[in-house]
Amino acid sequence: MENRNNGWSDGPQDYNHSYNFGGGYPVPDNSFPPPNGGETPPHQTPPYQTPPWQRKPKKSWGAVKLVALCLVCALIGGSVYPIYRTVAGSSTAIHVGQRTATELTTKTVDTEKEMTPAEIYDNFVGSTVGITVDLVGTNIFGQQVTSAAAGSGFVITENGYILTNYHVVENANEITVTFVDGKTYPATYVGGEEGNDIAVIKIEAEGLTPVVLGSSDNMRVGEQVLTIGNPLGELTFTETAGIISALNRTITMSDGRKINMIQTDCAINSGNSGGALFNIHGEVIGVVSAKYSASGSSSSASVEGLGFAIPIDDVSDIVSELVTNGYVSGKPFMGVGLGDVDEQAQAYGVPAGAVVNLVPEGLPAAKAGIQVGDIITALDGEAVSSYSELTAAVKAHTVGDTVTLSVFRGGEKLEVKLTLVESTPELQEIYDKARTAYEEEQAQKRQQQSRQGGYSYGWPFTW
């Protein structure tokens, strides 16, 4: 699983930072031994609850990056309540915490009582899981290789739906889930949203104890929070405690995506990715996702106390759609692989923009006449200087919109009209197959160029 560098910002100043996802630590084996000498607390419902109700390490990045800072609002707003309304059925239900005396039409769990860290661990360690994945990739010689990585997750329904990070299960060939009592289950990938680093997997099990989802919007800086996860893939079911250090941190990922995060000083390490961030009421208010690293490697970070979690309110609707549909509906899709124009090329008069690296047949970009090597410099007259700016501009549109792309091709400027379609699993499968073939081709080129001391561009980003 890939370690990723990220930068963040939240004001007019500039900072030198890099970030790594907490997941992706190499696994010595696929076992998750129970803590405390093998003795495990039983799965149990917290005493204050109502009865349960039915219904890839790849490459190491270099020195820290300088990233401009900016404040943005949450990527996706909303509350946790739409989750229950959407997915509640005969056996699939997500527990939602309610700490105020409000008359509700949904079933809730009373979480008014504050809990000690020991009580939170005893009540919810059985709702957290260790996740190991077998990854299949391509090395620099164009050969397929397998590796293992580890992460964390937590149960969100009694019938086996589990929430984790997208990067924990990305490109996984096999997924195994382990509980604190030592029981293991094979898991299937239900769906994920890379832009928000969220994924849902499913195991065949009934009668599980799900976590209780709280509201990240109600949290304040200085409030105590706790995590339960699997740091290093070996120190399984470890609880760490801290406080909320900051809210609404805008983290700029290595590929240019921006994600709103909760900052915490809880100890977070490789293997914690996908784990639950609890408040002192035992509610999950975030999904652990990233940590700060001065060296570019999360496993050898020299700076501590800077961890990040995705606010649960930002992704509640996404989780709901992943459980019910397996994908996020209404997401506009161009069907094109993009990258940034190299700065050296720009020095020779090539314009800044989003360079097209991949155009699979049958997708909107190919139908519109976009070609590999095109540089998209504007969308509907608004200039874009990078692929991340182009994807942000596409997000502002809806499915069915026809946009005008300004294209630089072979020294000429063109305008191309493209109609955005909904991103569906079928269309994404077409793109993924084309990307796999492209990656294998690029791996062979890198092998040849490495022998000659050359350089090659990285793989494209999809949109």
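Here, every reference points to the structure presented above.
Residues numbered from 1 in each chain as written. Predicted model: local features only at pLDDT ≥ 70, side-chain atom pairs only at ≥ 80, totals over all residues. Heavy atoms only, no water.

1. A look at the overall build of the protein chain
So the rule is basically this: Secondary structure elements are taken from DSSP: a helix is a run of H or I of four residues or more, a strand is a run of E of two residues or more, and numbering for both begins at the N terminus. Residue burial is assigned from relative accessible area. The probe radius is 1.4 Å, only protein chains are included, and a residue is buried under 20% of its type maximum, exposed over 50%, and partly exposed in between. All accessibility values rest on the Shrake-Rupley procedure with a 1.4 Å probe; residue burial counts only the protein chains present in the view.
In terms of regular secondary structure, the protein chain is built from eight helices and 28 strands. Here the protein chain holds 463 residues, and the buried ones make up 52% of them. Element-wise, carbon and sulfur atoms account for 50% of the exposed surface of the protein chain, whose accessible area totals about 19400 Å².

2. Thoughts on the packing of aromatic side chains
For the record, the criterion: Between rings of Phe, Tyr and Trp, where Trp is taken as its six-membered ring, a pair exists when centres lie within 6.5 Å; planes separated by under 30 degrees are stacked, by over 60 edge-to-face, and by other angles tilted.
Under the defined criterion, the tally for this structure stands at two aromatic pairs. Taking 5.7 Å as the distance between ring centres and 85 degrees as the angle between the ring planes, the aromatic pair formed by F179 and Y185 counts as edge-to-face.

3. So, the pairing of strand β11 (residues 184-193)
Put simply, the rule is: We call two strands paired when DSSP finds no fewer than two bridges between them.
In this structure, strand β10 (residues 172-178) lies alongside β11, joined through four bridges in antiparallel fashion. Residue pairing for β11: T178 is matched across the bridge by T184. Bridge count for β11 against strand β12 (residues 198-202) is five bridges, and the pairing is antiparallel. Of the residues in β12, the one forming a bridge with T188 is K202.

4. Examining the pattern of salt bridges
For the record, the criterion: We define a salt bridge as a side-chain nitrogen of Lys or Arg found within 4 Å of a carboxyl oxygen belonging to Asp or Glu.
All chains considered together, the criterion is met by seven salt bridges. Put simply, E119 and K113 hold a salt bridge, and the shortest N to O gap is 3.9 Å. For R435, the salt bridge goes to E439, with nearest N and O atoms at 3.7 Å. With a gap of four residues between them, R435 and E439 both fall in helix α8 (residues 425-451), about one helical turn apart. Taken individually, R435 and E439 each receive the classification buried, so the pair is uniform in this respect. Look at the salt bridges and you will find they share partners, linking D432, R435 and E439 into a network.

5. What about the environment of V355?
Quick note on the threshold: Two residues form a contact once any of their heavy atoms are found within 4.5 Å.
In this structure, V355 sits in strand β22 (residues 354-358). Judged by its relative accessible area of 17%, V355 is buried. Discounting chain neighbours no more than four positions away, the residues touching V355 are G337, L338, G339, D340, V341, G373, D374 and I375.

6. Digging into the pairing of β12
By the criterion of burial, β12 is predominantly enclosed, with five of the five residues buried. Alternating residues of β12 divide into I198, V200 and K202 and A199 and I201, and every residue in both groups is buried. Bridge count between strand β9 (residues 161-164) and β12: four bridges; the pairing is antiparallel. Across the sheet, T164 pairs through a bridge with A199, a residue of β12.

Distances and angles like these do not, on their own, reveal function.
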